[in-house]
Amino acid sequence: MELLFVYLIILATISGDTLASDPDLLQDVCVADFASGTKVNGIPCKDAANITAADFFFDGLVKAAVPNNNSFGVVLTAAFVKEIPGLNTMGLSFARAYFAPGGLVTPHTHPRATEIVFVLEGILDVSFITTSNVLVSKTVKKGEVFVFPRALVHFLKNNSDKPAAVLAAFNSQSPGVQLIVPSLFGATPAVPDNVLTIAFQTGTEEVQKIKSNFAPKN
């Protein structure tokens, strides 16, 4: 079933302009050349004569990660263009997330992609928030699929006492991610306290306390 899901996602992502958020290909492949000094909206192409099968291969999703060593109880393994240079201009990427019991992927957005998740194991509570501030929530279990619309704030929580895992697909080679709380309280330079106190209707002491949790660690 996992292979069928992957096939359907790839087919849907590349089958039409309406489903792809990245520009269309102008050649068969455009393997990312990270060594190039050329600045473009994307990544320059490697010379076709230097392309190998390794540019299209990644085995980082094979081994299960252990999400017990961080405060959020989640480990994410990405398969984006940085990991698979051959994804450049393909409008597609993947990730695998592992959740310890109680694990949380905190509220965040992907500014350049819609996300679809396939539950590999366990049970998760998933939610997104519309621009009308409506919370859309669902409990999903092994074998089920849920979609997070492009750029909307969303989060995933394992409220069970067993581990969980999902495979996520994005219709962009580089979907981007912006974590809401760290963006506001851990930005460099810092967001002014008087902006956050008004936005959250709280005091300076509370704002500074939260900021201390996201201060850069030397």
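Look up: the structure comes first, before these words.
Since this is a predicted model, take the numbers as computed values, not measurements. Residue positions are counted from 1 within each chain, in the order its sequence is given. Local features in this predicted model are restricted to residues whose pLDDT is 70 or higher, and side-chain atom pairs enter the listing and the counts only when it is 80 or higher, whereas totals over whole chains, interfaces and linings include all residues. The basis for the side-chain values is all heavy atoms of the structure; hydrogens and waters are excluded.

**Quick look at the overall build of the chain**
In plain terms, the rule: Here a strand is any run of E in DSSP of at least two residues, a helix any run of H or I of at least four, and the numbering for each starts at the N terminus. We call a residue buried when its accessible area falls under 20% of the maximum for its residue type, exposed when it is over 50%, and partly exposed in between, using a 1.4 Å probe and counting protein chains only. We call two residues in contact when some of their heavy atoms are within 4.5 Å. Computed by Shrake-Rupley with a 1.4 Å probe, the accessible areas treat only the displayed protein chains as cover when residues are assessed.
Secondary structure assignment for the chain yields 4 helices and 10 strands. Within the chain, the fraction of its 218 residues that count as buried is 35%. A separation threshold of at least 6 residues defines the contact pool for the chain, and within that pool the share at least 24 residues apart is 69%. On the chain, roughly 12900 Å² of surface is accessible, and the fraction owed to carbon and sulfur atoms is 60%.

**What to know about the state of the cysteines**
Put simply, the test is: For the purposes of this analysis, a disulfide is any pair of cysteine sulfur atoms at a distance within 2.5 Å.
For the structure shown, the criterion picks out 1 disulfide. Covalently, Cys-30 is tied to Cys-45 through a disulfide, its sulfur atoms 1.8 Å apart. Across the S-S bond of Cys-30 and Cys-45 the torsion is about -100 degrees, and the bridge reads as left-handed. Taken together, the residues span a long stretch of sequence, with Cys-30 in the loop between α1 (2-14) and β1 (74-79) and Cys-45 in the loop between α1 and β1 at a distance of 15 residues.

**Overview of the environment of Ser-160**
Condition: A 3.5 Å cut-off defines polar contacts: any pair of N or O atoms within that distance qualifies, except that in protein one atom must be a possible hydrogen donor and the other a possible acceptor, and neighbouring residues in sequence count only when both atoms are side-chain atoms.
Secondary-structure assignment places Ser-160 in the loop between β8 (153-157) and β9 (164-170). You can call Ser-160 partly exposed: its relative accessible area is 25%. Distance in space between the C-alpha atoms of Ser-160 and Asp-125 is 9.4 Å, their sequence separation being 35 residues. With residues near it in sequence (within four places) discarded, Ser-160 still touches Pro-101, Gly-102 and Ile-123. In this structure the side chain of Ser-160 is engaged in a polar contact, spanning 3.0 Å, whose partner is the backbone oxygen of Lys-162.

**Some details on the sheet that holds strand β10 (residues 178-179)**
As a general point, the strands of a sheet are linked pairwise by backbone hydrogen bonds and lie either parallel or antiparallel. Using the following cut-off: DSSP bridges decide pairing: two strands pair if at least two such bridges lie between them.
Pairing in this open sheet of 5 strands is antiparallel, and the strands run β6-β5-β8-β3-β10 from one edge to the other. Looking along the sheet, the strands with just one partner apiece sit at the ends: β6 (135-141) and β10. Here strand β3 (residues 104-109) pairs with β8 via 3 bridges, running antiparallel. Bridging across to β8, Leu-104 finds its partner in Lys-157.

**So, the packing of aromatic side chains**
Applicable threshold: Side-chain rings of Phe, Tyr and Trp (the six-membered ring for Trp) are treated as a pair once their centres are within 6.5 Å; stacked means planes under 30 degrees apart, edge-to-face means over 60, and tilted covers the remaining angles.
One pass over the full model with this rule turns up 4 aromatic pairs. Pairing Phe-80 with Phe-170 gives two aromatic rings, centres 5.7 Å apart and planes at 90 degrees, and the pair type is edge-to-face. Taken together, the residues span a long stretch of sequence, with Phe-80 in the loop between β1 and β2 (93-99) and Phe-170 in strand β9 at a distance of 90 residues. The exposure class of Phe-170 is buried, given its relative accessible area of 4%. Linked through ring pairs, Phe-128, Phe-146 and Phe-148 together constitute an aromatic cluster.

**Regarding the sheet that holds strand β7 (residues 145-148)**
Operational definition: For helices, the fitted axis covers only the stretch in contact; all axes are lines through C-alpha atoms, and the angles between them, taken along N-to-C directions, range from 0 to 180 degrees.
Spatial strand order, β1-β2-β9-β4-β7: 5 strands in an open sheet with antiparallel pairing. Single-partner strands in this sheet number two, and they are β1 and β7. Sheet twist, expressed as the mean angle between neighbouring strand axes with direction ignored, is 20 degrees. Note that β2 and β9 share 7 bridges and pair antiparallel. By the bridge assignment for β9, Arg-96 is matched with Leu-167.

**Side note on the environment of Leu-92**
Within the fold, Leu-92 resides in the loop between β1 and β2. Classification of Leu-92 as buried rests on a relative accessible area of 7%.

**Overview of the pairing of β9**
Within β9, 7 of the 7 residues are buried, which leaves it mostly tucked inside the rest of the structure. Alignment of strand β4 (residues 115-121) against β9, held across 6 bridges, turns out to be antiparallel. Its bridge partner lying in β9, Phe-118 is registered against Leu-167.

These results come straight from atomic positions and should not be treated as a statement about function.
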